[in-house]
Amino acid sequence: MRAYVLTRYGGPDAMELRDVPVPQPGPGDVRIKVAAAGLNPVDFKFRRGALRPISQVRLPIVAGCELAGTVEAIGPGPNRFSIGDRVYARVDKARLGAFAELACVQQELVAAMPASLGFAEAAGLPLAGLTALQALRDELAVGRGTRLFISGGAGGVGTLAIQLAKYLGAQVTTTASARGEALVRRLGADAVIDYNREDFSAVLHGFDAVLDLVGGVTLRGSFRILKPGGRVVSIAGVPEPLTATKDLGSPPMITAAFWLMSMGIRRRARKAKASYRYLFMHPSGDDLRTLAALVDAGHVQPVMDRTYPFADIGGAFAALEHGHAKGKIVVTL
Ligand SMILES: NC(=O)c1ccc[n+]([C@@H]2O[C@H](COP(=O)([O-])OP(=O)(O)OC[C@H]3O[C@@H](n4cnc5c(N)ncnc54)[C@H](OP(=O)(O)O)[C@@H]3O)[C@@H](O)[C@H]2O)c1
């Protein structure tokens, strides 16, 4: 079968389209005929080698984190899926394999895709959708009336986070450039700040919670807009010790490194009487079922920037790495 194989860490040409053996489903796996695969910043961060210290992946490996397609083989043992099921998944972080004609995935990470979506829209949902859901529901406990600030609302995660936060009852303020303002308003944002024209941290105050999708100065500014007792969750800033213990299985060296790296940001949080957490999302079939129900009930709709043919994954990555996607970029097979 054809697959994009990451052969070394580097630039776009480090990923090659190759003929590779068909993967065989192990116990509890399903093999999925991939119809579409979503692209995410983690794909190019990983390709560049930025995640090497925390990754258990060995090269060469078939790349790709999320997909939608049809179950076409089932591994030994009990399995909740049947041949022909239309499914989607955020695949295992150590196994990858979504940029391929066929991919084997553990059934716990797979769910029936939303009945109301086509494959391309479904393929862009798992990674960003799980991230937004786990951050808002599990880490920020967003509920009715929560005053929430989301930085970077127009991208893959932001477009889903705005809709989920509105569904949970929050009042949402977000940042977007002029290119993204109409989109984030359509998704339900109550207030929008153009980050190219105005410093949100100078004009906002009294927020209960921040979901930071940008990092850097944006993350640092987030602590200035909070009430005492407020919460910041970042997915793009600085990892901290809980990231290691809750998300990475407590490797001692990594825990110590994250403790050191996050000293400045934790000091900032203490000064603001706020909490700080950096989240790595978790693949989960159960949470994908929750997302599918929300999509089919009309509460959340994926936003597509553009689809590319599988053969032009290079063009798709060039667009993603430009950093201005409005919603998701997906390749179709
Ligand atoms: N920790 C985790 O588990 C996890 C999971 C998912 C994603 N992430 C990370 O989260 C970040 C966002 O992911 P994504 O998939 O949403 O990326 P994305 O789709 O590439 O985001 C692109 C969007 O970001 C906006 N943007 C860029 N700079 C901005 C700024 N300074 N302020 C406000 N908006 C800005 C752009 O808007 P304009 O074009 O208008 O500038 C564009 O619409 C990435 O760093 C990604 O690696 C982490």
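Just so it is clear, the structure is predicted and the values come from calculations on it, not from any experiment.

Draft legend 1. Expanded view of the pattern of salt bridges. Overall, the coordinates contain 19 salt bridges when judged by the stated rule. Across the salt bridge formed by Arg48 and Glu321, the nearest N and O atoms sit 2.7 Å from each other. Of this pair, Arg48 sits in helix H1 (residues 41-48) while Glu321 sits in helix H12 (residues 313-322), and the two are 273 residues apart along the sequence. Notably, a salt bridge pairs Glu181 with Arg185, separated by 3.0 Å at the nearest N-O pair. Here Arg185 and Glu181 lie together in helix H5 (residues 178-186), a separation of four residues that amounts to about one turn. Residue classification places Glu181 among the partly exposed positions, given a relative accessible area of 28%. Here Arg185 falls in the partly exposed class, since its relative accessible area comes to 40%. Bridged by salt links that share partners, the residues Glu139, Glu240, Lys246, Asp247 and Arg277 form one connected network.

Draft legend 2. Local environment of helix H9 (residues 252-261). For H9, the complete set of buried residues consists of Ile254, Thr255 and Phe258. For H9, the angular spread of buried residues about the axis comes to 100°, placing them on one side. Along H9, exposed side chains directed more than 90 degrees from the buried face belong to Pro252, Met253 and Leu260. At its buried positions, H9 is contacted by helix H8 (241-247).

Draft legend 3. Structural view of the nonpolar core. Ranked by internal contacts, the top residues of the largest apolar core, which has 87 residues, are Leu67, Tyr88, Phe99, Leu136, Leu148, Ile150 and Leu211. Broken down by element, the residue count for this core peaks at seven residues, all from helix H3 (residues 126-139). In this view, Leu148 contacts Leu136, Leu140, Val142, Ala165, Ala170, Gln171, Val172, Thr173, Phe207, Ala209, Val210 and Leu211; residues no more than four positions away in its chain are not counted. By size, the runner-up hydrophobic cluster in this structure holds 18 residues, among which are Val210, Val232, Tyr278 and Phe280.

Draft legend 4. Representation of the domain arrangement of the protein in the model. One can read the domain layout of the protein as domain 1 (2-125 + 302-332) and domain 2 (128-278). Distance from the C-alpha centre of domain 1 to the C-alpha centre of domain 2: 26 Å. The partner domain 2 presents 17 residues to the 14 residues of domain 1 that form the contact. Across the interface of domain 1 and domain 2, roughly 1000 Å² is buried in total on both sides, 66% from carbon and sulfur atoms. A per-residue breakdown of the area domain 1 buries against domain 2 is headed by Ile54, Val303 and Lys326, which together make up 45% of the total. The tally of links between domain 1 and domain 2 comes to zero salt bridges. Where domain 1 packs against domain 2, one counts three residue pairs in polar contact (both at pLDDT 80 or more). Residue composition of the side of domain 1 that touches domain 2, grouped by class: six nonpolar, four polar and four charged.

Draft legend 5. Focus on the state of the cysteines. Per the counting criterion, the structure on display carries zero disulfides. Sulfur of Cys65: no disulfide; nearest cysteine sulfur belongs to Cys104 and is 16 Å away. You can call Cys104 buried: its relative accessible area is 8%.

Draft legend 6. Expanded view of the packing of aromatic side chains. Enumeration according to the criterion identifies seven aromatic pairs in this entry. Both rings, one in Tyr9 and one in Phe46, keep their centres 5.8 Å apart while their planes meet at 85°; by these two values the pair is edge-to-face. One end of the pair, Tyr9, is in the loop between strand E1 (2-6) and strand E2 (15-19); the other, Phe46, is in helix H1, and 37 residues separate them in sequence. Note on Phe149 and Phe207: the rings are 6.4 Å apart at their centroids and 80° apart in plane angle, and the pair reads as edge-to-face. Note that Phe149 is positioned in strand E9 (residues 147-151) and Phe207 in strand E12 (residues 207-212), a separation of 58 residues in sequence. Like Phe207, Phe149 is buried. One residue, Arg147, lies across the ring of Phe207, its end atom 4.4 Å from the ring centre. It is Arg306 that lies over the ring of Tyr308; its NZ or CZ is 4.2 Å from the centre.

The rules behind these values
- Every chain begins its residue count from 1, and numbering advances along the sequence as written.
- For this predicted model, a pLDDT threshold of at least 70 governs which residues receive local features, and a threshold of 80 or more governs which side-chain atom pairs are given and counted, while totals over whole chains, interfaces and linings are taken from all residues.
- The side-chain values count all of the structure's non-hydrogen atoms but skip hydrogen atoms and water molecules.
- The working definition used for a salt bridge is a side-chain nitrogen of Lys or Arg within 4 Å of a carboxyl oxygen of Asp or Glu.
- Only DSSP runs of H or I covering at least 4 residues are called helices, and only runs of E covering at least 2 are called strands; the numbering of each starts at the N terminus.
- Burial status follows relative accessibility: with a 1.4 Å probe on protein chains alone, a residue under 20% of its type maximum counts as buried, one over 50% as exposed, and anything between as partly exposed.
- The arc in question is the one traced by the directions running from the helix axis out to the C-beta atoms.
- Contact criterion: two residues are considered in contact whenever any of their non-hydrogen atoms come within 4.5 Å of each other.
- The criterion is simple. A nonpolar core is a set of buried Ala, Val, Leu, Ile, Met, Phe, Trp, Tyr and Cys residues joined through side-chain atoms within 4.5 Å.
- How far each domain reaches was decided by an automatic or database domain assignment.
- Two parts lose some accessible area (1.4 Å probe) when they are put together, and adding that loss for both gives the buried area.
- Distance and chemistry together define a polar contact, namely a pair of N or O atoms within 3.5 Å, with one atom able to donate a hydrogen and the other to accept it when in protein, and with adjacent residues in sequence counting only for side-chain atoms on both sides.
- Amino acid classes used here: Ala, Val, Leu, Ile, Met, Phe, Trp, Tyr, Cys and Pro are nonpolar; Asp, Glu, Lys and Arg are charged; the rest, including Gly, are polar.
- Pairs of cysteine sulfur atoms within 2.5 Å are identified as disulfides in what follows.
- Any Phe, Tyr or Trp ring, taking Trp's six-membered ring, that has another such ring centre within 6.5 Å forms a pair; planes under 30 degrees apart are called stacked, those over 60 apart edge-to-face, and the others tilted.
- For a ring to carry a charge above it, either NZ of a lysine or CZ of an arginine must fall within 6 Å of the ring centroid while also lying within 35 degrees of the normal to the ring plane.

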